[in-house]
Amino acid sequence: MSESFVSVPTMIRGRFRLVENSACPSLLSSSSYAPSTAMQDLLGQSRHAGDPVLRVLAEMDRKLDAIITLLQRESLYQDFPMEGRIVELGAEGLVLECSESLPQGTHMELLLLPGDFTWSAMSVFAEILIINQERGKTAPDAKSYELGYTCLNNENKDAIIRFIFSEERKRIREQKASAADEANK
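In this text, all values refer to a predicted model and were calculated from it rather than measured experimentally.

So, a nonpolar patch on the surface
Stage number 1. A surface patch of nonpolar side chains, amounting to about 360 Å² of accessible area, comprises V53, V56, L57 and M60.
Stage number 2. With respect to the helices and strands, V56 occurs in helix α3 (residues 52-71).
Stage number 3. A residue is classified by how much of its surface remains accessible, and V56, at 48% relative accessible area, is partly exposed.

A look at the packing of aromatic side chains
Stage number 1. On inspection of all chains with the given rule, the structure shows zero aromatic pairs.
Stage number 2. Stacked on the ring of Y77, the Lys or Arg R15 has its end atom at 3.9 Å from the ring centre.

Observations concerning the pattern of salt bridges
Stage number 1. Applying the stated criterion across every chain yields a total of four salt bridges.
Stage number 2. Its salt-bridge partner being E83, residue R15 comes within 3.6 Å of it at the nearest N-O pair. Of the two residues, R15 sits in strand β1 (residues 7-19) while E83 sits in strand β2 (residues 82-90), which places them 68 residues apart along the sequence.
Stage number 3. Look at R15 and you get buried, because its relative accessible area is 7%.
Stage number 4. A salt bridge links R17 to E109; the nearest nitrogen and oxygen atoms lie 2.7 Å apart. You can see R17 sitting in strand β1 and its partner E109 sitting in strand β4 (residues 107-113), a full 92 residues away along the chain. Of the two residues, R17 and E109, neither departs from the other in class, the shared state being buried.

Digging into helix α5 (residues 154-184)
Stage number 1. When the terminal C-alpha atoms of α5 are compared, their 45 Å separation across 31 residues agrees well with the 45 Å that a helix rising 1.5 Å per residue should span.
Stage number 2. All of the buried residues along α5 are N156, A159, I160, F163, I164 and E167.
Stage number 3. Looking at the buried residues of α5, the elements they touch are β1, β2, β5 (122-132) and β6 (143-151).

Details of the sheet that holds β4
Stage number 1. With antiparallel pairing, six strands are arranged side by side around a closed barrel as β1-β2-β3-β6-β5-β4. Across the sheet, the mean angle from the axis of one strand to that of its neighbour is 45 degrees, orientation sign disregarded.
Stage number 2. Sheet analysis places β2 next to strand β3 (residues 93-98), joined by five bridges and oriented antiparallel. What sits directly across from R85, in β3, is E97.
Stage number 3. Against the sheet, α5 engages β1, β2, β5 and β6, with an angle of about 150 degrees to β1.

Looking at the nonpolar core
Stage number 1. In this structure, L89, L94, L96, L110 and L147 are the most contacted members of the largest nonpolar core, which totals 25 residues.
Stage number 2. Breaking this core down by element, the ones donating at least two residues are β1, β2, β3, β4, β5, β6 and α5.
Stage number 3. With residues near it in sequence (within four places) discarded, L147 still touches E92, G93, L94, L96, M108, L110, A126, E127, I128 and L129.
Stage number 4. In terms of nonpolar packing, the next biggest core, distinct from the first, is built from five residues, L76, L111, L113 and A121 among them.

Looking at the confidence of the model for the protein
Stage number 1. Confidence in the prediction of the protein, expressed as mean pLDDT, is 81, and 78% of residues score 70 or more.
Stage number 2. By mean pLDDT, the top-scoring element of the protein is β3 (95), and the lowest-scoring one is helix α1 (residues 30-33) (41).
Stage number 3. pLDDT under 50 marks residues 30-36. Its contacts with residues more than four places away, or in other chains, come to 16 contacts.

Definitions and limits used
- Residues numbered from 1 in each chain as written.
- Predicted model: local features only at pLDDT ≥ 70, side-chain atom pairs only at ≥ 80, totals over all residues.
- Heavy atoms only, no water.
- Patch = residues over 30% accessible without salt bridge, like charges linked within 9 Å, V, L, I, M, F, W, Y side chains within 5 Å.
- Areas by Shrake-Rupley, 256 points an atom, 1.4 Å probe, with all protein chains shown as cover.
- Salt bridge = Lys/Arg side-chain N within 4 Å of Asp/Glu carboxyl O.
- Helix = DSSP H or I, 4+ residues; strand = E, 2+ residues; numbered from the N terminus.
- Buried < 20%, exposed > 50% of the residue type's maximum accessible area, 1.4 Å probe, protein only.
- Phe/Tyr/Trp six-rings, centres within 6.5 Å; stacked < 30°, edge-to-face > 60°.
- Lys NZ or Arg CZ within 6 Å of the ring centre and 35° of its normal.
- Expected span 1.5 Å × (residues − 1).
- Contact = heavy atoms within 4.5 Å.
- Pairing = 2+ DSSP bridges.
- Axes fitted to C-alpha atoms, helices over the stretch in contact; angles between N-to-C directions.
- Core = buried A, V, L, I, M, F, W, Y, C linked by side-chain atoms within 4.5 Å.
- pLDDT = per-residue confidence, 0-100.

This is the structure:
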């Protein structure tokens, strides 16, 4: 991935569909798959945000949103028929590995499906900028594509940036722990 922006290695499942351009409407309906923010709004406005009952309710709300997303998987598979893995995620683009042979300049809508419920399913529009000639990491027949976002709303961009910072913090903690283990030997 280009060094012009920060990105982190990852293994996020993704589904995608080809589109003519990024002006196409998203098939990911915000009302169907996106998490509700009512509980987050309530917590943000409440002067009792530290209330354990409210925290439990907020966590239940988040989990129910994740369950609803999983239950709608069949519809997602029809709307986004191709699958791949996002092996690198950045604020301005990503690296997708899949078995499809796609030409440079191909536009697509990608559905990012994190396995740990860091965020609910997210849709981004992107264009293939570079086709990597080396084999992919995820499967022997996988092809690797560097994509740049062509349409990314602020909410999704913020979620991606939070994910990147979270992954970087994890990596730093692991490096510190590893260095401490080596020093103790």
